Number of protein chains: 2
Amino acid sequence: MIKPLVRKTLHEEIVNQIMDGITNGRLQPGNRIDGEAELARQFEVSRNIVREALKSLELIGVVHTINGKGSFISEDALTGIELMRLVRMMKNENYTIDLLESRIMIEGDIAYLAAQRATKKDIEDLSIIERETEEWIKKGSYKFQNGLRFHMKVAECSKNHIMQKFLRSISDELTAQRGQLILAHKSNDELMLELKEHISMIKFIKERKPEETKKVMQMHIMRAMRILKECE
Amino acid sequence: MIKPLVRKTLHEEIVNQIMDGITNGRLQPGNRIDGEAELARQFEVSRNIVREALKSLELIGVVHTINGKGSFISEDALTGIELMRLVRMMKNENYTIDLLESRIMIEGDIAYLAAQRATKKDIEDLSIIERETEEWIKKGSYKFQNGLRFHMKVAECSKNHIMQKFLRSISDELTAQRGQLILAHKSNDELMLELKEHISMIKFIKERKPEETKKVMQMHIMRAMRILKECE
DNA sequence: AAGTATTTGTCCGTATGTATC
DNA sequence: GGATACATACGGACAAATACT
(Lines give C-alpha, C1' and ligand atoms only; values in the text may rest on other atoms or scores of the structure.)
Protein backbone atom coordinates (compact mmCIF):
# COMPACT_ATOMS: atom_id res chain seq x y z
CA MET A 1 0.00 0.00 0.00
CA ILE A 2 1.29 3.42 -0.95
CA LYS A 3 1.12 6.24 1.54
CA PRO A 4 -1.31 9.05 0.82
CA LEU A 5 1.43 11.65 1.39
CA VAL A 6 -0.84 14.47 2.45
CA ARG A 7 1.07 17.17 4.22
CA LYS A 8 -1.60 18.78 6.32
CA THR A 9 -1.13 22.39 7.20
CA LEU A 10 -1.41 23.43 10.83
CA HIS A 11 -4.47 25.65 10.52
CA GLU A 12 -6.25 22.85 8.66
CA GLU A 13 -5.51 20.51 11.54
CA ILE A 14 -6.99 22.99 14.02
CA VAL A 15 -10.11 23.44 11.88
CA ASN A 16 -10.64 19.69 11.85
CA GLN A 17 -10.07 19.31 15.56
CA ILE A 18 -12.60 22.01 16.39
CA MET A 19 -15.13 20.55 13.96
CA ASP A 20 -14.67 17.10 15.45
CA GLY A 21 -15.01 18.55 18.93
CA ILE A 22 -18.39 19.97 17.99
CA THR A 23 -19.55 16.83 16.19
CA ASN A 24 -18.77 14.56 19.11
CA GLY A 25 -20.30 16.96 21.61
CA ARG A 26 -17.14 17.97 23.46
CA LEU A 27 -17.66 21.54 22.30
CA GLN A 28 -21.23 22.69 22.83
CA PRO A 29 -23.05 25.44 20.92
CA GLY A 30 -22.93 28.69 22.84
CA ASN A 31 -19.70 27.79 24.59
CA ARG A 32 -16.82 30.16 24.47
CA ILE A 33 -13.61 28.90 22.91
CA ASP A 34 -10.34 29.76 24.62
CA GLY A 35 -8.74 32.99 23.48
CA GLU A 36 -6.44 33.05 20.48
CA ALA A 37 -3.32 33.30 22.64
CA GLU A 38 -4.44 30.43 24.84
CA LEU A 39 -5.28 28.24 21.83
CA ALA A 40 -1.88 29.05 20.33
CA ARG A 41 -0.27 27.87 23.54
CA GLN A 42 -2.34 24.66 23.66
CA PHE A 43 -1.78 23.71 20.03
CA GLU A 44 1.82 24.88 20.24
CA VAL A 45 1.52 27.09 17.17
CA SER A 46 1.61 30.81 16.55
CA ARG A 47 -1.42 33.03 16.96
CA ASN A 48 -1.53 33.62 13.20
CA ILE A 49 -2.25 29.96 12.61
CA VAL A 50 -5.04 29.98 15.16
CA ARG A 51 -6.53 33.03 13.51
CA GLU A 52 -6.44 31.44 10.07
CA ALA A 53 -8.38 28.50 11.47
CA LEU A 54 -10.85 30.63 13.40
CA LYS A 55 -11.54 32.97 10.50
CA SER A 56 -12.15 29.98 8.23
CA LEU A 57 -14.65 28.51 10.67
CA GLU A 58 -16.29 31.89 10.99
CA LEU A 59 -16.90 32.10 7.25
CA ILE A 60 -19.04 28.97 7.32
CA GLY A 61 -20.79 30.10 10.49
CA VAL A 62 -19.41 27.44 12.80
CA VAL A 63 -18.03 30.00 15.22
CA HIS A 64 -18.55 33.72 15.61
CA THR A 65 -16.08 36.14 17.10
CA ILE A 66 -16.83 39.27 19.05
CA ASN A 67 -14.10 41.83 19.26
CA GLY A 68 -12.82 42.15 22.79
CA LYS A 69 -14.87 39.20 24.10
CA GLY A 70 -13.72 36.07 22.33
CA SER A 71 -14.93 33.35 19.96
CA PHE A 72 -18.06 31.27 20.50
CA ILE A 73 -19.51 28.11 19.00
CA SER A 74 -22.59 29.09 16.98
CA GLU A 75 -25.94 27.69 18.03
CA ASP A 76 -26.32 26.14 14.59
CA ALA A 77 -22.68 25.15 14.19
CA LEU A 78 -23.64 21.71 12.91
CA THR A 79 -25.38 23.21 9.88
CA GLY A 80 -22.13 24.74 8.70
CA ILE A 81 -20.14 21.61 9.41
CA GLU A 82 -22.53 19.33 7.54
CA LEU A 83 -22.74 21.70 4.58
CA MET A 84 -18.94 21.83 4.63
CA ARG A 85 -18.81 18.05 4.37
CA LEU A 86 -21.43 18.23 1.63
CA VAL A 87 -19.11 20.51 -0.35
CA ARG A 88 -16.30 17.98 -0.02
CA MET A 89 -18.60 15.17 -1.11
CA MET A 90 -19.95 17.07 -4.10
CA LYS A 91 -16.45 17.84 -5.30
CA ASN A 92 -15.51 14.17 -5.05
CA GLU A 93 -16.20 12.63 -8.44
CA ASN A 94 -17.07 9.29 -6.86
CA TYR A 95 -20.43 10.84 -6.05
CA THR A 96 -21.28 12.17 -9.50
CA ILE A 97 -24.09 9.64 -9.87
CA ASP A 98 -25.56 10.62 -6.50
CA LEU A 99 -25.30 14.22 -7.64
CA LEU A 100 -27.20 13.57 -10.84
CA GLU A 101 -29.84 11.59 -9.01
CA SER A 102 -30.19 14.48 -6.55
CA ARG A 103 -30.68 16.85 -9.42
CA ILE A 104 -33.44 14.68 -10.83
CA MET A 105 -35.21 14.67 -7.48
CA ILE A 106 -34.72 18.35 -6.68
CA GLU A 107 -35.69 19.56 -10.14
CA GLY A 108 -38.79 17.40 -10.00
CA ASP A 109 -39.81 18.99 -6.73
CA ILE A 110 -39.02 22.45 -8.04
CA ALA A 111 -41.01 21.89 -11.20
CA TYR A 112 -43.91 20.73 -9.06
CA LEU A 113 -43.84 23.90 -6.98
CA ALA A 114 -43.31 26.08 -10.05
CA ALA A 115 -46.52 24.79 -11.60
CA GLN A 116 -48.36 25.79 -8.45
CA ARG A 117 -46.78 29.20 -7.97
CA ALA A 118 -45.56 30.72 -11.23
CA THR A 119 -46.93 34.22 -11.85
CA LYS A 120 -48.04 35.46 -15.26
CA LYS A 121 -44.78 37.35 -15.64
CA ASP A 122 -42.84 34.19 -14.76
CA ILE A 123 -44.56 32.29 -17.54
CA GLU A 124 -43.87 35.11 -20.01
CA ASP A 125 -40.20 35.05 -19.02
CA LEU A 126 -40.06 31.30 -19.60
CA SER A 127 -41.49 31.73 -23.07
CA ILE A 128 -38.95 34.40 -23.91
CA ILE A 129 -36.06 32.23 -22.74
CA GLU A 130 -37.37 29.34 -24.80
CA ARG A 131 -37.60 31.46 -27.95
CA GLU A 132 -34.10 32.85 -27.47
CA THR A 133 -32.67 29.39 -26.91
CA GLU A 134 -34.30 28.17 -30.11
CA GLU A 135 -32.58 30.93 -32.06
CA TRP A 136 -29.22 30.13 -30.54
CA ILE A 137 -29.55 26.49 -31.49
CA LYS A 138 -30.49 27.37 -35.06
CA LYS A 139 -27.55 29.75 -35.28
CA GLY A 140 -25.30 27.01 -33.91
CA SER A 141 -24.08 29.28 -31.14
CA TYR A 142 -25.64 27.31 -28.30
CA LYS A 143 -23.52 27.05 -25.17
CA PHE A 144 -23.94 24.80 -22.17
CA GLN A 145 -24.57 27.79 -19.94
CA ASN A 146 -27.61 28.72 -22.05
CA GLY A 147 -29.21 25.41 -21.22
CA LEU A 148 -29.20 26.26 -17.54
CA ARG A 149 -31.13 29.50 -17.97
CA PHE A 150 -34.47 27.76 -18.38
CA HIS A 151 -33.88 25.56 -15.36
CA MET A 152 -32.87 28.47 -13.17
CA LYS A 153 -35.96 30.42 -14.17
CA VAL A 154 -38.17 27.45 -13.28
CA ALA A 155 -36.39 27.34 -9.92
CA GLU A 156 -37.26 31.00 -9.48
CA CYS A 157 -40.91 30.17 -10.15
CA SER A 158 -40.89 27.70 -7.27
CA LYS A 159 -40.49 30.64 -4.84
CA ASN A 160 -38.43 28.40 -2.57
CA HIS A 161 -35.08 30.09 -2.13
CA ILE A 162 -33.38 27.23 -0.34
CA MET A 163 -34.14 24.66 -3.02
CA GLN A 164 -33.19 27.23 -5.63
CA LYS A 165 -29.72 27.78 -4.16
CA PHE A 166 -29.17 24.08 -3.62
CA LEU A 167 -30.07 23.28 -7.22
CA ARG A 168 -27.70 26.01 -8.32
CA SER A 169 -24.84 24.40 -6.37
CA ILE A 170 -25.56 20.98 -7.82
CA SER A 171 -25.77 22.34 -11.35
CA ASP A 172 -22.55 24.32 -10.96
CA GLU A 173 -20.74 21.26 -9.76
CA LEU A 174 -22.09 19.02 -12.52
CA THR A 175 -21.16 21.65 -15.08
CA ALA A 176 -17.62 21.83 -13.72
CA GLN A 177 -17.27 18.06 -13.72
CA ARG A 178 -18.98 17.09 -16.96
CA GLY A 179 -20.33 20.17 -18.67
CA GLN A 180 -18.16 20.04 -21.75
CA LEU A 181 -18.48 16.29 -21.99
CA ILE A 182 -22.27 16.34 -22.02
CA LEU A 183 -22.53 19.16 -24.52
CA ALA A 184 -20.05 17.52 -26.85
CA HIS A 185 -22.29 14.48 -27.09
CA LYS A 186 -25.44 16.41 -27.84
CA SER A 187 -26.45 16.65 -31.46
CA ASN A 188 -28.57 19.49 -32.78
CA ASP A 189 -31.48 17.08 -33.02
CA GLU A 190 -31.16 16.27 -29.37
CA LEU A 191 -31.06 19.95 -28.47
CA MET A 192 -34.26 20.55 -30.42
CA LEU A 193 -35.87 17.62 -28.64
CA GLU A 194 -34.94 19.18 -25.29
CA LEU A 195 -36.45 22.42 -26.47
CA LYS A 196 -39.73 20.65 -27.16
CA GLU A 197 -39.71 19.36 -23.62
CA HIS A 198 -39.16 22.88 -22.37
CA ILE A 199 -42.23 24.01 -24.30
CA SER A 200 -44.19 21.11 -22.92
CA MET A 201 -43.23 22.12 -19.39
CA ILE A 202 -44.22 25.73 -19.94
CA LYS A 203 -47.59 24.48 -21.10
CA PHE A 204 -48.09 22.35 -17.99
CA ILE A 205 -46.99 25.19 -15.72
CA LYS A 206 -49.47 27.49 -17.41
CA GLU A 207 -52.22 24.88 -16.93
CA ARG A 208 -51.20 24.42 -13.29
CA LYS A 209 -50.45 20.72 -13.57
CA PRO A 210 -47.70 20.02 -11.02
CA GLU A 211 -47.47 16.26 -11.42
CA GLU A 212 -47.19 16.46 -15.19
CA THR A 213 -44.61 19.24 -15.06
CA LYS A 214 -42.56 17.21 -12.63
CA LYS A 215 -42.66 14.11 -14.82
CA VAL A 216 -41.51 15.91 -17.94
CA MET A 217 -38.73 17.61 -15.98
CA GLN A 218 -37.46 14.32 -14.60
CA MET A 219 -37.55 12.62 -18.01
CA HIS A 220 -35.76 15.64 -19.35
CA ILE A 221 -32.84 15.32 -16.94
CA MET A 222 -32.69 11.55 -17.13
CA ARG A 223 -31.72 11.83 -20.76
CA ALA A 224 -28.67 13.86 -19.76
CA MET A 225 -27.85 11.12 -17.30
CA ARG A 226 -28.09 8.49 -20.02
CA ILE A 227 -25.81 10.47 -22.31
CA LEU A 228 -23.34 10.78 -19.46
CA LYS A 229 -23.34 7.06 -18.83
CA GLU A 230 -22.95 6.21 -22.49
CA CYS A 231 -19.70 8.09 -22.88
CA GLU A 232 -17.94 6.58 -19.91
CA MET B 1 -32.41 56.90 8.57
CA ILE B 2 -29.97 55.26 10.95
CA LYS B 3 -26.69 53.94 9.67
CA PRO B 4 -26.33 50.16 9.42
CA LEU B 5 -23.17 50.24 11.56
CA VAL B 6 -21.54 47.14 10.16
CA ARG B 7 -17.84 47.14 10.89
CA LYS B 8 -16.51 44.72 8.33
CA THR B 9 -13.17 43.15 9.04
CA LEU B 10 -10.48 43.41 6.41
CA HIS B 11 -10.16 39.72 5.58
CA GLU B 12 -13.93 39.50 5.21
CA GLU B 13 -13.82 42.30 2.67
CA ILE B 14 -11.16 40.47 0.69
CA VAL B 15 -13.17 37.23 0.77
CA ASN B 16 -16.17 39.05 -0.63
CA GLN B 17 -14.18 40.81 -3.33
CA ILE B 18 -12.67 37.55 -4.55
CA MET B 19 -16.05 35.80 -4.48
CA ASP B 20 -17.62 38.64 -6.44
CA GLY B 21 -14.75 38.52 -8.90
CA ILE B 22 -15.48 34.87 -9.57
CA THR B 23 -19.24 35.34 -9.75
CA ASN B 24 -19.01 38.13 -12.31
CA GLY B 25 -16.42 36.29 -14.35
CA ARG B 26 -13.46 38.59 -13.77
CA LEU B 27 -11.64 35.75 -12.07
CA GLN B 28 -11.82 32.54 -14.08
CA PRO B 29 -11.51 28.98 -12.76
CA GLY B 30 -7.98 27.69 -13.20
CA ASN B 31 -6.46 31.16 -13.07
CA ARG B 32 -3.70 31.90 -10.65
CA ILE B 33 -4.32 34.60 -8.08
CA ASP B 34 -1.54 37.06 -7.36
CA GLY B 35 0.83 36.00 -4.60
CA GLU B 36 0.08 36.79 -0.99
CA ALA B 37 2.65 39.57 -0.89
CA GLU B 38 1.31 41.13 -4.09
CA LEU B 39 -2.29 40.95 -2.86
CA ALA B 40 -1.24 42.55 0.42
CA ARG B 41 0.26 45.39 -1.56
CA GLN B 42 -2.83 45.80 -3.74
CA PHE B 43 -5.34 45.72 -0.89
CA GLU B 44 -2.99 47.76 1.28
CA VAL B 45 -3.13 45.31 4.17
CA SER B 46 -0.67 42.96 5.80
CA ARG B 47 0.08 39.50 4.46
CA ASN B 48 -1.58 37.92 7.47
CA ILE B 49 -4.93 39.43 6.52
CA VAL B 50 -4.59 38.14 2.98
CA ARG B 51 -3.81 34.70 4.34
CA GLU B 52 -6.85 34.71 6.62
CA ALA B 53 -9.01 35.42 3.57
CA LEU B 54 -7.27 32.87 1.36
CA LYS B 55 -7.40 30.09 3.95
CA SER B 56 -11.10 30.75 4.48
CA LEU B 57 -11.78 30.47 0.78
CA GLU B 58 -9.69 27.33 0.67
CA LEU B 59 -11.83 25.65 3.32
CA ILE B 60 -14.92 25.92 1.14
CA GLY B 61 -13.00 24.85 -1.95
CA VAL B 62 -13.16 28.15 -3.81
CA VAL B 63 -9.39 28.37 -4.17
CA HIS B 64 -6.59 25.91 -3.60
CA THR B 65 -3.04 26.77 -2.67
CA ILE B 66 0.10 24.92 -3.60
CA ASN B 67 3.16 25.51 -1.49
CA GLY B 68 5.80 27.34 -3.47
CA LYS B 69 3.55 27.93 -6.49
CA GLY B 70 0.65 30.11 -5.49
CA SER B 71 -3.14 30.12 -5.14
CA PHE B 72 -5.54 29.14 -7.92
CA ILE B 73 -9.27 29.49 -8.50
CA SER B 74 -10.81 26.01 -8.31
CA GLU B 75 -12.52 24.63 -11.39
CA ASP B 76 -15.72 24.26 -9.39
CA ALA B 77 -15.32 27.46 -7.39
CA LEU B 78 -18.96 28.39 -7.97
CA THR B 79 -20.16 25.31 -6.10
CA GLY B 80 -18.44 26.48 -2.93
CA ILE B 81 -19.67 30.04 -3.35
CA GLU B 82 -23.27 29.02 -3.87
CA LEU B 83 -23.20 26.59 -0.94
CA MET B 84 -21.67 29.40 1.10
CA ARG B 85 -24.61 31.61 0.26
CA LEU B 86 -26.93 28.72 1.04
CA VAL B 87 -25.43 28.52 4.54
CA ARG B 88 -26.13 32.22 5.05
CA MET B 89 -29.70 31.79 3.81
CA MET B 90 -30.40 28.76 5.98
CA LYS B 91 -29.17 30.57 9.07
CA ASN B 92 -31.43 33.52 8.30
CA GLU B 93 -34.71 32.88 10.12
CA ASN B 94 -36.67 34.65 7.40
CA TYR B 95 -36.31 31.47 5.41
CA THR B 96 -37.54 29.00 8.04
CA ILE B 97 -40.68 28.26 6.04
CA ASP B 98 -38.64 27.59 2.90
CA LEU B 99 -36.46 25.34 5.00
CA LEU B 100 -39.40 23.32 6.30
CA GLU B 101 -40.85 23.04 2.82
CA SER B 102 -37.47 21.83 1.57
CA ARG B 103 -37.43 19.22 4.26
CA ILE B 104 -40.85 17.97 3.22
CA MET B 105 -39.69 17.65 -0.39
CA ILE B 106 -36.30 16.09 0.35
CA GLU B 107 -37.62 13.63 2.90
CA GLY B 108 -40.31 12.60 0.46
CA ASP B 109 -37.69 11.87 -2.17
CA ILE B 110 -35.53 10.05 0.33
CA ALA B 111 -38.40 7.93 1.57
CA TYR B 112 -39.18 7.04 -2.05
CA LEU B 113 -35.62 5.88 -2.69
CA ALA B 114 -35.47 4.09 0.66
CA ALA B 115 -38.46 1.95 -0.25
CA GLN B 116 -36.65 0.93 -3.42
CA ARG B 117 -33.25 0.28 -1.92
CA ALA B 118 -33.43 -0.68 1.77
CA THR B 119 -31.64 -3.94 2.55
CA LYS B 120 -32.96 -6.53 4.97
CA LYS B 121 -30.55 -5.29 7.60
CA ASP B 122 -31.73 -1.70 7.04
CA ILE B 123 -35.30 -2.75 7.72
CA GLU B 124 -34.28 -4.59 10.86
CA ASP B 125 -32.44 -1.50 12.07
CA LEU B 126 -35.52 0.62 11.46
CA SER B 127 -37.63 -1.76 13.54
CA ILE B 128 -35.13 -1.66 16.38
CA ILE B 129 -35.08 2.15 16.37
CA GLU B 130 -38.85 2.24 16.42
CA ARG B 131 -39.05 -0.13 19.41
CA GLU B 132 -36.47 1.85 21.35
CA THR B 133 -38.23 5.12 20.64
CA GLU B 134 -41.48 3.64 21.90
CA GLU B 135 -39.84 2.73 25.18
CA TRP B 136 -38.37 6.19 25.58
CA ILE B 137 -41.76 7.79 25.07
CA LYS B 138 -43.37 5.48 27.61
CA LYS B 139 -40.62 6.24 30.10
CA GLY B 140 -41.12 9.94 29.44
CA SER B 141 -37.44 10.38 28.61
CA TYR B 142 -37.96 11.23 24.94
CA LYS B 143 -35.69 13.93 23.56
CA PHE B 144 -35.90 15.80 20.31
CA GLN B 145 -32.67 14.27 19.11
CA ASN B 146 -34.23 10.79 19.38
CA GLY B 147 -36.87 11.75 16.87
CA LEU B 148 -34.22 12.37 14.25
CA ARG B 149 -32.72 8.89 14.51
CA PHE B 150 -35.50 7.28 12.50
CA HIS B 151 -35.29 9.91 9.79
CA MET B 152 -31.52 9.63 9.50
CA LYS B 153 -31.74 5.87 9.18
CA VAL B 154 -34.30 6.20 6.40
CA ALA B 155 -31.89 8.59 4.71
CA GLU B 156 -29.21 5.94 4.98
CA CYS B 157 -31.55 3.47 3.27
CA SER B 158 -31.84 5.81 0.29
CA LYS B 159 -28.16 5.11 -0.54
CA ASN B 160 -27.85 8.65 -1.86
CA HIS B 161 -25.09 10.32 0.13
CA ILE B 162 -25.64 13.81 -1.21
CA MET B 163 -29.32 13.94 -0.31
CA GLN B 164 -28.47 12.38 3.03
CA LYS B 165 -25.98 15.11 3.92
CA PHE B 166 -28.28 17.86 2.70
CA LEU B 167 -31.17 16.56 4.78
CA ARG B 168 -28.83 16.42 7.76
CA SER B 169 -27.94 20.11 7.30
CA ILE B 170 -31.57 21.12 7.02
CA SER B 171 -32.55 19.12 10.08
CA ASP B 172 -29.66 20.50 12.11
CA GLU B 173 -30.63 24.03 11.25
CA LEU B 174 -34.32 23.49 12.01
CA THR B 175 -33.40 21.88 15.31
CA ALA B 176 -31.20 24.84 16.22
CA GLN B 177 -33.91 27.32 15.28
CA ARG B 178 -37.03 25.63 16.62
CA GLY B 179 -36.15 22.30 18.14
CA GLN B 180 -37.14 23.06 21.71
CA LEU B 181 -40.21 24.93 20.57
CA ILE B 182 -41.57 22.05 18.57
CA LEU B 183 -40.90 19.44 21.22
CA ALA B 184 -42.49 21.56 23.93
CA HIS B 185 -45.75 21.59 22.00
CA LYS B 186 -45.88 17.87 21.43
CA SER B 187 -48.04 15.88 23.80
CA ASN B 188 -47.38 12.23 24.52
CA ASP B 189 -50.41 11.36 22.40
CA GLU B 190 -48.90 13.18 19.47
CA LEU B 191 -45.60 11.39 19.93
CA MET B 192 -47.39 8.05 19.88
CA LEU B 193 -49.22 9.07 16.73
CA GLU B 194 -45.90 9.85 15.08
CA LEU B 195 -44.63 6.49 16.15
CA LYS B 196 -47.57 4.82 14.39
CA GLU B 197 -46.60 6.65 11.24
CA HIS B 198 -43.05 5.38 11.63
CA ILE B 199 -44.38 1.84 11.81
CA SER B 200 -46.54 2.47 8.77
CA MET B 201 -43.50 3.68 6.84
CA ILE B 202 -41.44 0.66 7.81
CA LYS B 203 -44.26 -1.52 6.51
CA PHE B 204 -44.36 0.29 3.17
CA ILE B 205 -40.57 0.14 2.85
CA LYS B 206 -40.68 -3.60 3.51
CA GLU B 207 -43.39 -4.00 0.86
CA ARG B 208 -41.37 -1.87 -1.60
CA LYS B 209 -44.03 0.78 -2.07
CA PRO B 210 -42.16 4.03 -2.79
CA GLU B 211 -45.14 6.28 -3.48
CA GLU B 212 -46.94 5.23 -0.31
CA THR B 213 -43.84 5.60 1.83
CA LYS B 214 -43.29 9.06 0.43
CA LYS B 215 -46.85 10.15 1.15
CA VAL B 216 -46.76 9.01 4.76
CA MET B 217 -43.41 10.71 5.25
CA GLN B 218 -44.66 14.00 3.87
CA MET B 219 -47.82 13.91 5.98
CA HIS B 220 -45.62 13.09 8.92
CA ILE B 221 -43.48 16.21 8.52
CA MET B 222 -46.36 18.46 7.62
CA ARG B 223 -47.78 17.92 11.07
CA ALA B 224 -44.57 19.33 12.57
CA MET B 225 -44.99 22.30 10.27
CA ARG B 226 -48.55 22.85 11.48
CA ILE B 227 -47.46 22.70 15.11
CA LEU B 228 -44.77 25.24 14.31
CA LYS B 229 -47.24 27.62 12.70
CA GLU B 230 -49.75 27.29 15.55
CA CYS B 231 -47.33 28.51 18.19
CA GLU B 232 -46.21 31.62 16.39
C1' DA C 1 23.26 18.83 -11.24
C1' DA C 2 23.50 22.92 -8.77
C1' DG C 3 22.11 27.48 -7.60
C1' DT C 4 19.03 31.26 -7.36
C1' DA C 5 14.60 33.57 -7.21
C1' DT C 6 9.79 33.16 -6.07
C1' DT C 7 6.14 31.83 -3.13
C1' DT C 8 3.89 29.73 0.64
C1' DG C 9 4.19 28.15 5.70
C1' DT C 10 5.20 29.60 10.13
C1' DC C 11 6.72 32.33 14.03
C1' DC C 12 7.61 36.55 16.73
C1' DG C 13 7.05 41.24 18.54
C1' DT C 14 4.35 45.27 18.85
C1' DA C 15 0.64 48.63 18.64
C1' DT C 16 -4.27 49.68 18.81
C1' DG C 17 -9.29 49.29 19.52
C1' DT C 18 -12.89 47.18 22.24
C1' DA C 19 -15.44 44.94 26.04
C1' DT C 20 -15.86 44.01 31.04
C1' DC C 21 -15.58 44.94 35.80
C1' DG D 1 -11.52 56.25 35.10
C1' DG D 2 -8.40 52.45 35.29
C1' DA D 3 -7.00 47.68 34.87
C1' DT D 4 -7.43 43.56 32.42
C1' DA D 5 -8.40 40.41 28.72
C1' DC D 6 -9.08 40.02 24.13
C1' DA D 7 -9.39 40.65 19.06
C1' DT D 8 -7.55 43.35 15.09
C1' DA D 9 -3.79 44.51 12.45
C1' DC D 10 1.00 45.42 11.05
C1' DG D 11 5.84 44.24 9.61
C1' DG D 12 9.95 41.55 9.85
C1' DA D 13 12.15 37.17 9.70
C1' DC D 14 13.32 32.46 8.31
C1' DA D 15 12.23 27.70 6.69
C1' DA D 16 10.36 24.76 3.14
C1' DA D 17 8.60 23.89 -1.46
C1' DT D 18 8.77 24.96 -6.17
C1' DA D 19 10.38 26.80 -10.61
C1' DC D 20 13.88 28.36 -13.74
C1' DT D 21 18.22 28.68 -15.54
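Within any chain, residue numbers begin from 1 and follow the written order of that chain's sequence. Following the order in which they are written, the chains are lettered starting with A and the ligands numbered starting with 1. The predicted nature of this model means local features are confined to residues of pLDDT at least 70 and side-chain atom pairs, given and counted, to a pLDDT of 80 or more, with totals for whole chains, interfaces and linings taken over all residues. The side-chain figures draw on all heavy atoms in the structure; neither hydrogens nor water molecules are used.

### A look at the interface of chain B and chain A
Then step 1. Whether two residues are in contact is decided by their heavy atoms, any of which lying within 4.5 Å being enough. Across the contact, 50 residues belong to chain B and 48 residues belong to chain A.
Then step 2. A combined buried area of about 4,800 Å² lies between chain B and chain A, and 64% of that area is made up of carbon and sulfur atoms.
Then step 3. By convention in these notes, a salt bridge is any Lys or Arg side-chain nitrogen within 4 Å of a carboxyl oxygen on Asp or Glu. Summed over the shared surface of chain B and chain A, the result is eight salt bridges.
Then step 4. Between E52 of chain A and R51 of chain B there is a salt bridge, with the nearest N and O atoms lying 2.8 Å from each other.
Then step 5. Pairing of N or O atoms within 3.5 Å defines a polar contact, subject to two protein rules: one partner must be a possible hydrogen donor and the other a possible acceptor, and residues neighboring in sequence count only if both atoms are side-chain atoms. Counting the contacts that link chain B with chain A gives 22 residue pairs in polar contact (both at pLDDT 80 or more).
Then step 6. Elements with a contribution of two residues or more to the side of chain B that touches chain A: α1 (10-23), α3 (47-59), α4 (77-91), α5 (96-117) and α8 (161-184) of chain B.
Then step 7. Examining the composition of the side of chain B that touches chain A, we find that twelve residues originate from one element, α4 of chain B, more than from any other.
Then step 8. Gly is put with the polar residues, along with every residue not named as nonpolar or charged; the nonpolar set is Ala, Val, Leu, Ile, Met, Phe, Trp, Tyr, Cys and Pro, and the charged set is Asp, Glu, Lys and Arg. For the side of chain B that touches chain A, the residue count by class is 20 nonpolar, ten polar and 20 charged. Once two parts are brought into contact, the accessible area they lose, counted with a 1.4 Å probe and summed over both, makes up the buried area. Numbering of helices and strands starts at the N terminus; helices are DSSP runs of H or I of at least 4 residues and strands are runs of E of at least 2.

### Concerning the sheet that holds strand β3 (residues 70-73) of chain B
All names here are of chain B.
Then step 1. Read across the open sheet, the three strands follow the order β1-β3-β2; overall the sheet is antiparallel. Since the sheet does not close on itself, it has two edges, and those belong to β1 (32-33) and β2 (63-66), each with one partner.
Then step 2. Pairing analysis gives two bridges linking β1 to β3, with the strands arranged antiparallel. Among the inter-strand pairings, I33 is bridged to a residue of β3, identified as S71. Any two strands between which DSSP finds at least two bridges are classified as paired.

### Quick look at the confidence of the model for chain A
Then step 1. Confidence scores per residue from the predictor, reported as pLDDT, run from 0 to 100. Residues at a pLDDT of 70 or more form 94% of chain A, whose mean pLDDT is 89.
Then step 2. Scored below 50 in pLDDT, residues 1-5 of chain A makes zero contacts in the model with residues more than four places away or belonging to other chains.

### Comments concerning the packing of helix α1 (residues 10-23) of chain A against helix α3 (residues 47-59) of chain A
Helix-helix packing is characterised by the crossing angle of the two axes and by the distance between the axes.
Residue and element names in this part refer to chain A.
Then step 1. Note on method: axes are straight lines fitted to C-alpha atoms, helices fitted across the in-contact stretch only, with angles between N-to-C directions ranging 0 to 180 degrees. The geometry of α1 relative to α3 is characterised by a closest axis approach of 8 Å and an angle of 50 degrees between their N-to-C directions. With respect to α3, the element α1 is oriented oblique. In this structure, α1 meets α3 at a crossing whose hand is right-handed. Residues L10, H11, I14, V15, I18 and M19 of α1 form the contact with α3, whose participating residues are I49, V50, E52, A53, L54, S56 and L57.
Then step 2. The residue makeup of the contact of α1 with α3, split by class, is ten nonpolar, two polar and one charged. Angular relationships are summarised with four words: roughly parallel below 35 degrees, roughly antiparallel beyond 145, roughly perpendicular across 65 to 115, and oblique for the angles in between. Take the far helix as your reference; a near helix turned counterclockwise from it by less than a right angle gives a left-handed crossing, and one turned clockwise gives a right-handed crossing.

### As for the pairing of strand β2 (residues 63-66) of chain A
Residues and elements named next belong to chain A.
Then step 1. Two strands pair when backbone bridges link them, and β2 and strand β3 (residues 70-73) are joined in this way by four bridges, in the antiparallel orientation. By the bridge assignment for β3, V63 is matched with I73.
Then step 2. The antiparallel pairing of β2 with β3 creates a hairpin that spans three residues between the two strands, and G68 there sits at a positive phi of about 90 degrees.

### Looking at the protein's contact with DNA strand C
Then step 1. For each residue, the test is whether any non-hydrogen atom lies within 4 Å of the molecule or strand; if one does, the residue is near. Around DNA strand C, the structure places 25 residues, and the nearest of them are S46, N48 and I49 of chain A together with R47 and R51 of chain B.
Then step 2. What you see for DNA strand C is that sugar and phosphate hold 68% of its atoms within 4 Å of the protein.
Then step 3. In this structure, S46 of chain A approaches DNA strand C through a main-chain N or O atom, which is 2.9 Å from a phosphate oxygen.
Then step 4. Take K69 of chain A: an N or O atom from its side chain is 3.4 Å from a phosphate oxygen of DNA strand C.
Then step 5. Mapped onto the surface near DNA strand C, the elements with two or more residues apiece are α1 and α3 of chain A together with α3, β2 and β3 of chain B.

### Section: unusual backbone geometry
Residue and element names in this part refer to chain A.
Then step 1. The backbone of K159 shows a phi angle near 65 degrees, a positive value even though the residue is not glycine.
Then step 2. Structurally, the position occupied by K159 is in the loop between α7 (144-157) and α8 (161-184).
Then step 3. Accessible area is worked out with a 1.4 Å probe on protein chains only. A residue is then buried under 20% of its type maximum, exposed over 50%, and partly exposed in between. We classify K159 as partly exposed; its relative accessible area is 33%.
Then step 4. Phi at R208 is positive, roughly 55 degrees, even though this residue is not glycine.
Then step 5. Among the structural elements, R208 can be located in the loop between α9 (188-206) and α10 (210-230).

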